[in-house]
Amino acid sequence: MEPISQPTAAGASSAPHPCYSEQAHRHFARLHLAVAPACNIQCHYCNRKYDCSNESRPGVVSELLTPEQATQKALAVGAAIPHLAVVGVAGPGDPLANPERVFATFRELAAKAPDLSLCISTNGLALPQQVEELVKYRIGHVTITINCVDPDIGARIYPWIFWNHRRVRGRQAAEILIAQQQKGLEMLVTRGVLVKVNSVLIPGINDEHLHEVHRVVKARGAFLHNIMPLIARPEHGTYYGLTGQAEPTAEQVRALRDACASDSGGTGMMSHCQQCRADAVGIVGQDRGAEFTLDKVAAMQVDWRAALAKRATVRAAIERRMALHSQIAHPAQPMPLLARRSRPNASETLRMAVASNDGHNVDAHFGSAREFLIFDISPVGAKLVERRNIDRYCNGPTTCGDAAPALAGAIAALSDCTVLLCARIGFEPWRALEDAGISPNSEHAREPIIDALLTVYAEWRDSGRRAAEATSTCLCA
Amino acid sequence: MAFRIVASCINCWACPPLCLSGAIRPAVPHFRIDAARCTECAGDYADPQCASICPVEGAIVDSAGEPLNPPGSLIDLSPGSLMKAVRGMENPSEPSVLEARILREHLVGRDFRLACQAQVLGDVTVRPA
Ligand code: SF4
Ligand code: SF4
Ligand code: FES
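Residues numbered from 1 in each chain as written. Chains lettered and ligands numbered in written order. Predicted model: local features only at pLDDT ≥ 70, side-chain atom pairs only at ≥ 80, totals over all residues. Heavy atoms only, no water.

Description of the overall build of chain A
Broken down by element type, chain A carries 15 helices and 16 strands. The buried share among the 477 residues of chain A stands at 55%. Contacts in chain A between residues at least 24 apart in sequence constitute 72% of all its contacts with a sequence separation of at least 6. Entry remark: accessible area of chain A is about 19,400 Å², with carbon and sulfur atoms responsible for 52%. (Helix = DSSP H or I, 4+ residues; strand = E, 2+ residues; numbered from the N terminus. Buried < 20%, exposed > 50% of the residue type's maximum accessible area, 1.4 Å probe, protein only. Contact = heavy atoms within 4.5 Å. Areas by Shrake-Rupley, 256 points an atom, 1.4 Å probe, with all protein chains shown as cover.)

A look at the overall build of chain B
For chain B, the helix and strand inventory stands at four helices and four strands. The order of helices and strands in chain B, counted from the N terminus, is β-β-β-α-β-α-α-α. Of the contacts made within chain B by residues no fewer than 6 positions apart, 54% connect residues no fewer than 24 positions apart. Of the accessible surface of chain B, which amounts to about 6,600 Å², a share of 55% is contributed by carbon and sulfur atoms.

Remarks on the confidence of the model for chain A
Residue and element names in this part refer to chain A. Per-residue confidence for chain A gives a mean pLDDT of 77; residues scoring 70 or more make up 74%. Ranking the elements of chain A by mean pLDDT puts helix 12 (residues 336–340) last with 36 and helix 5 (residues 151–154) first with 97. Confidence over residues 52–60 falls short of pLDDT 50; this stretch has 38 contacts with residues more than four positions distant or in other chains. (pLDDT = per-residue confidence, 0-100.)

Some points on the packing of helix 4 (residues 127–136) of chain A against helix 6 (residues 170–190) of chain A
All names here are of chain A. Interaxial distance between helix 4 and helix 6 falls to 8 Å at its minimum, and their mutual angle equals 25 degrees. Comparing their axes, helix 6 and helix 4 come out roughly parallel. In this structure, the crossing between helix 4 and helix 6 has a hand that is right-handed. Residues Leu 127, Pro 128, Gln 129 and Val 131 of helix 4 touch helix 6, and the partners they reach there are Gln 180, Lys 183, Gly 184, Leu 185, Met 187 and Leu 188. (Axes fitted to C-alpha atoms, helices over the stretch in contact; angles between N-to-C directions. Parallel < 35°, antiparallel > 145°, perpendicular 65-115°, else oblique. Left-handed = near helix turned anticlockwise from the far one by under 90°.)

Some remarks on the site of ligand 2
Near ligand 2, the surroundings consist of Ile5(B), Cys9(B), Ile10(B), Asn11(B), Cys12(B), Trp13(B), Cys15(B), Phe31(B), Cys54(B), Pro55(B) and Ile60(B). Grouping the amino acids of the shell around ligand 2 by side-chain chemistry returns 10 nonpolar, one polar and no charged. (Near = heavy atom within 4 Å. Nonpolar A, V, L, I, M, F, W, Y, C, P; charged D, E, K, R; others polar.)

Thoughts on the nonpolar core
Judged by nonpolar contacts, the single largest core of 53 residues is most densely connected at Leu33(A), Val87(A), Phe106(A), Ile120(A), Leu134(A) and Val142(A). Setting aside anything within four residues of it in sequence, one finds Val87(A) in contact with Leu31(A), Leu33(A), Ala74(A), Leu109(A), Leu116(A), Ser117(A), Leu118(A) and Cys119(A). (Core = buried A, V, L, I, M, F, W, Y, C linked by side-chain atoms within 4.5 Å.)

Focus: the site of ligand 1
For ligand 1, the full set of nearby residues is Phe3(B), Cys19(B), Ser21(B), Ile24(B), Ile33(B), Cys38(B), Thr39(B), Glu40(B), Cys41(B), Pro48(B), Gln49(B) and Cys50(B). In the shell around ligand 1, the residues fall into eight nonpolar, three polar and one charged.

Re the sheet that holds strand 2 (residues 41–42) of chain A
Residues and elements named next belong to chain A. If you walk across this open sheet you meet the three strands as 2-6-7, and the pairing is antiparallel. Of all the strands in the sheet, just strand 2 and strand 7 (166–169) have a single pairing partner and so form its edges. In this structure, strand 2 lies alongside strand 6 (residues 160–163), joined through two bridges in antiparallel fashion. Bridged to Ile 41 within strand 6 is Ile 161. Packed on one face of the sheet, helix 6 meets strand 2, strand 6 and strand 7 and runs near 100 degrees to strand 7. (Pairing = 2+ DSSP bridges.)

A closer look at the pattern of salt bridges
All names here are of chain A. Summed over the entire model, instances satisfying the criterion amount to 18 salt bridges over all chains. Taking the shortest distance from any N to any O, the salt bridge between Arg 254 and Glu 251 comes out at 3.0 Å. Here Arg 254 pairs with Glu 251, and both are found in helix 9 (residues 250–263), just three residues apart, close to one helical turn. Where Asp 416 meets Arg 351, a salt bridge forms, and the shortest distance between an N and an O atom there is 2.7 Å. Here Arg 351 lies in strand 12 (residues 350–354) and Asp 416 lies in the loop between helix 13 (403–413) and strand 15 (419–421), a separation of 65 residues in the sequence. Residue classification places Asp 416 among the partly exposed residues on the basis of a relative accessible area of 34%. (Salt bridge = Lys/Arg side-chain N within 4 Å of Asp/Glu carboxyl O.)

Focus: the side chain of Asn206(A)
All names here are of chain A. Its location among the elements puts Asn 206 in the loop between strand 8 (194–201) and helix 7 (209–219). The exposure class of Asn 206 is buried, given its relative accessible area of 0%. The contact partners of Asn 206, leaving out residues within four places of it in the chain, are Asn 147, Ile 153, Ile 157, Val 200 and Leu 201.

Brief notes about the sheet that holds strand 16 (residues 439–441) of chain A
Residue and element names in this part refer to chain A. The strand order 14-13-12-15-16 describes an open sheet built from five strands, whose pairing is mixed. Each of the sheet's edge strands pairs with one partner strand only, and the pair in question is strand 14 (381–389) and strand 16. Here the average twist between neighbouring strands, direction ignored, is 25 degrees.

Examining the environment of Val217(A)
Residues and elements named next belong to chain A. Mapped onto the elements of the fold, Val 217 is located in helix 7. By relative accessible area, which is 0% here, Val 217 ends up buried. The contact partners of Val 217, leaving out residues within four places of it in the chain, are Ile 146, Gln 182, Leu 185, Val 197, Ala 222 and His 225.

So, the packing of aromatic side chains
Between two aromatic rings, the relevant description is the distance of the centres plus the angle of the planes. Residue and element names in this part refer to chain A. In this structure the tally under the stated criterion is five aromatic pairs over all chains. Where Phe 103 meets Tyr 137, the ring centres are 5.4 Å apart and the plane angle is 20 degrees; that geometry is what we call stacked. Taken together, the residues Phe 103 in helix 3 (residues 99–112) and Tyr 137 in the loop between helix 4 and strand 5 (139–145) connect sequence positions 34 residues apart. Neither Phe 103 nor Tyr 137 differs from the other in exposure class; each is buried. (Phe/Tyr/Trp six-rings, centres within 6.5 Å; stacked < 30°, edge-to-face > 60°.)

Some thoughts on the environment of Leu31(A)
All names here are of chain A. Take Leu 31: it is sitting in strand 1 (residues 29–36). Classification of Leu 31 as buried rests on a relative accessible area of 0%. In this structure, the C-alpha to C-alpha distance between Leu 31 and Val 86, residues 55 residues apart in sequence, is 6.3 Å.

Digging into the pairing of strand 13 (residues 371–378) of chain A
Residue and element names in this part refer to chain A. Burial of strand 13 is extensive: seven of the eight residues sit out of reach of the surface. The sheet contact formed by strand 12 and strand 13 spans five bridges and is antiparallel. By the bridge assignment, Val 354 is partnered in strand 13 with Leu 373. Alignment of strand 13 against strand 14, held across eight bridges, turns out to be antiparallel. From the neighbouring strand, Leu 373 faces strand 14, where its bridge partner is Arg 387.

Concerning helix 2 (residues 67–80) of chain A
When the terminal C-alpha atoms of helix 2 of chain A are compared, their 20 Å separation across 14 residues agrees well with the 20 Å that a helix rising 1.5 Å per residue should span. Those residues of helix 2 of chain A that sit buried are Pro67(A), Ala70(A), Thr71(A), Lys73(A), Ala74(A), Leu75(A), Ala76(A), Val77(A) and Gly78(A). (Expected span 1.5 Å × (residues − 1).)

Looking at the pairing of strand 5 of chain A
Residue and element names in this part refer to chain A. Of all seven residues in strand 5, seven are buried; the element is thus mostly enclosed. Bridge count for strand 4 (residues 117–122) against strand 5 is five bridges, and the pairing is parallel. Its bridge partner being in strand 5, Thr 122 is matched across the sheet by Ile 144. On the question of chirality, the crossover connecting strand 4 to the parallel strand 5 by way of helix 4 is right-handed. (Right-handed = clockwise from strand over helix to strand, strands pointing away.)

So this is what it looks like as structure tokens:
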């Protein structure tokens, strides 16, 4: 029986991929299975004694799994961590250089955990001939590592590829690899599969060129482009590591990400990638791999049907929560969820004012803010109450603009708020706000508003200023 | 007429699926070629398949013991550049245990190990962990 054989359009793969959405990143867990040992190319930033650094941290060896062990592990993790949403194969080699092992794993998972979104991360060389097979297994997401679109640059990154039963080297190898990557990208996009492109930033080799890569992959329909810093240390034994190739600074990475984001109108760059390991388990950034080693998994009894049901419940709760979050980010949208839920108890509600210029981040200086976003946060969620312009609280054109009355006006405007979030605030206004019973907070400067709100709310609630009962339905905290 | 896989094999699984004769056995500590089965791919392919994908220089040798992928043929890492890398480390005369281990692993798998060892590993003292 093959319950899932429908080709998947992008819209049909509903499970949010933690690597694709900053929101999903913090709510859903993903599991990478180290089921694909072989590789068909050599990259200068990789030492095959360790895992591929394409999606893995160099210098780390994963426990290689057979397809049976991999399936068992995924089902066990899916039972123990019900917010598991994504199962991917990203190493230790290239998944598509190990098609039998990878597809055997996916076939089993499609039958026993059809709710889990499957994904692979590949160098792209074997992609075009595997696209149909990938689509068959409902693969919703594919990551291709594309470091160049120019074979002369490629020749400095890839010493050889294995192609049509021969080892091909140098420029010719790069030419083939680039053509295959681009063709694979296009084929996936045509079939509605979301494609993320990873690029390794290699200073002096492809740093300038990545602008071009960004343009090309976005034009071909890549959903996201992720620029990752090269990791090159002598102790990893890679070519770059041993030849003293420089790693980029955090500033270089940021500048390039920003430049690419503005090239493409601010869309489709991601900055939250943690370069998770090929055998990573759990929410990105909180690895729980040690709980699921081979022997531990082998000893586990897993009821995959029960696990499937439990995941459905947990996912529904997370999705409700994410819907609330997105109302804060996009307050113009209607709020059906809030309307349907019971009114929060007033004692659990915290009203906060946020000084923001861009409407997304806590990025405004208190003194220069003319407008504040007023939010009510409660266990039911967060709600944008209004955008409050402080000018109408000023005493009139003659006094307004003069520092002290403007401050008094701002304080009057915020008198119903318990907390003020801003990027910076001077000492005088700090004291004045505190005297008025409003706690200023600039600890979350430049963070997304939603994160700051939820963090501060959790602190406020935990510090006991809220009514004692902790039966919060909100999973945010 | 048969090739052999030697100790520097890293058990990467790239070669077994490519061998038409089914001659390559996953094994520990390293994969092995069944000499009775290996045809050196004669008649099937222009190049022996295992040696065309193997990422490790020197891991597969011919019947005379000559590496099919000699040092420097897959990754252009000359002894000179390795030396430079060692010198570039924080304290080259006293590498950390990890550095020393990695270097030794990396250098010893290669045919020019004598040259490197004499110059690099010969006069380093490994700090106790
Ligand atoms: S040379 Fe050919 S036949 Fe012999 S082990 Fe390698 S792939 Fe198999
Ligand atoms: S390709 Fe080379 S390193 Fe990999 S298993 Fe075969 S002989 Fe060993
Ligand atoms: S690819 Fe997994 S965290 Fe970025």
